[in-house]
Amino acid sequence: MDLYKNPLAVFDEVKQRNVKVLAVTTSPRAYLKTSQYFNNTDNVRVALGFHPELVADRRNEIDLFMEQISKSRYIGEVGIDGTSRNRHSYSVQKTFFYGALSEAEKHHGRIISIHSRCAVKDVLECIEKTLDKNVPIMHWFTGNIKELQKALSLGCWFSINPKMCYSKAGRDIIMQMPLNKILPETDAPFTEKNGMLYMPWDMDVIEFLAVQYGRSIIEIKKQMENNLLEVINGTTALKKV
């Protein structure tokens, strides 16, 4: 939310619409700033993030990230990016990601939004080695069916966005995900439709799932709410939201 042109205006509408939002961040410093914006609010929770594309260039923030884990109920976005422009920092990303998961485990587990573009195998390997109390949520998952099954066996959840719903590859992988393991996301302000940014209250994912499963929007919304409660109640450190 901090990357919208006017985040406070977006925040005001989030409150007016009574939407519940998990706002991920791109770096520890961004997390601290965003937390100040939305401190002590019922509608928005801020996640401690360090986007894999930024880790190598901002290594001086790694200690800050690790220090903040004990104070943060949610972590994200973190992970590994294996695209060609980020291959040069792959080993640094992987080391940091594994360290972040391990540190979260020391604090009784965290709900974690995970980036795995072109790096699903290594991301799942890190999760498997550290998984005990953490609750991993695979953001914009683009792995194959075998990798999806592996993620499910590790107890992973999946957050899906409108861009996934509007591509054949995205739809194909979504329909292999159990409905009770899905959460909606927007990935805004990096996603848009017809030149308009997606907003936290957009319903495209809910509408897509309703059509695909032949259910009403109310039923899908209730399912998503139940999924969220299960995610939250699945971590011993996060009973209070």
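If you're wondering where the values come from, they're calculated on a predicted model, not measured in any experiment.

A.B. asks: Let's hear about the sheet that holds strand β7 (residues 182–184): which residues, and what values?
C.D. replies: Pairing is parallel in the open sheet, where 5 strands are placed in the order β3-β4-β5-β6-β7. Only two strands of the sheet have a single neighbouring strand rather than two, namely β3 (74–79) and β7. Averaged over all pairs of adjacent strands, the angle between their axes in this sheet comes to 30 degrees, without regard to strand direction. The strands that helix α5 (residues 90–106) touches are β3 and β4 (111–115); relative to β3, the one it contacts most, it runs at about 160 degrees.

A.B. asks: Kindly report on the nonpolar core, identifying the contributing residues and their values.
C.D. replies: Formed by 62 residues in total, the largest nonpolar core has its most connected members in Met-1, Ile-127 and Leu-209. Among the elements that make up this core, the one with the highest residue count is α5 (7 residues). Each residue touching Met-1, except ones within four places of it in the same chain, is listed here: Pro-7, Val-10, Phe-11, Val-14, Val-21, Ala-23, Phe-38 and Val-44. Among the nonpolar cores identified, the runner-up in size contains 9 residues, and Ala-47, Tyr-74, Ile-137 and Val-231 belong to it.

A.B. asks: Break down the packing of helix α6 (residues 120–130) against helix α7 (residues 145–153) for me, citing the residues and quoting the values.
C.D. replies: It is at 11 Å that the axes of α6 and α7 come closest, and there the two elements cross at 15 degrees. Classified by the interaxial angle, the pair formed by α6 and α7 is roughly parallel. Seen along the crossing, α6 lies across α7 with a hand that is left-handed. Contact with α6, carried on its side by Val-120, Lys-121, Leu-124 and Glu-128, involves Glu-147, Lys-150 and Ala-151 of α7 and no other residues of that element.

A.B. asks: Would you mind going over the packing of aromatic side chains in detail, with residue names and values included?
C.D. replies: Two numbers describe a pair of aromatic rings. These are the distance of the centres and the angle of the planes. Per the stated rule, a full pass over the model turns up 6 aromatic pairs. Residues Phe-50 and Phe-65 carry aromatic rings whose centres are separated by 6.2 Å and whose planes lie at 40 degrees to one another, so their mutual orientation is tilted. With Phe-50 in the loop between β2 (44–46) and α3 (52–55) and Phe-65 in helix α4 (residues 62–68), this pair connects stretches of sequence that are 15 residues apart. Judged on exposure class, the residue Phe-50 and its partner Phe-65 are both buried. Ring plane angle 75 degrees and centroid distance 5.5 Å describe the contact between Phe-141 and Phe-158, whose orientation is recorded as edge-to-face.

A.B. asks: Help me get a handle on unusual backbone geometry, residues and values and all.
C.D. replies: In this structure, Glu-77 follows Gly-76 across a cis peptide bond, with omega equal to 10 degrees. Mapped onto the elements, Glu-77 comes out in strand β3. In this structure, the amide linkage connecting Ala-188 to the following residue, Pro-189, adopts the cis form with an omega of 5 degrees. Within the secondary structure layout, Pro-189 lies in the loop between β7 and β8 (192–193). Here the phi dihedral of Asn-194 falls at roughly 55 degrees; this positive angle occurs in a residue that is not glycine. Mapped onto the secondary structure, Asn-194 falls in the loop between β8 and β9 (196–197).

The rules we used
Residues numbered from 1 in each chain as written. Predicted model: local features only at pLDDT ≥ 70, side-chain atom pairs only at ≥ 80, totals over all residues. Heavy atoms only, no water. Pairing = 2+ DSSP bridges. Helix = DSSP H or I, 4+ residues; strand = E, 2+ residues; numbered from the N terminus. Axes fitted to C-alpha atoms, helices over the stretch in contact; angles between N-to-C directions. Contact = heavy atoms within 4.5 Å. Core = buried A, V, L, I, M, F, W, Y, C linked by side-chain atoms within 4.5 Å. Buried < 20%, exposed > 50% of the residue type's maximum accessible area, 1.4 Å probe, protein only. Parallel < 35°, antiparallel > 145°, perpendicular 65-115°, else oblique. Left-handed = near helix turned anticlockwise from the far one by under 90°. Phe/Tyr/Trp six-rings, centres within 6.5 Å; stacked < 30°, edge-to-face > 60°.

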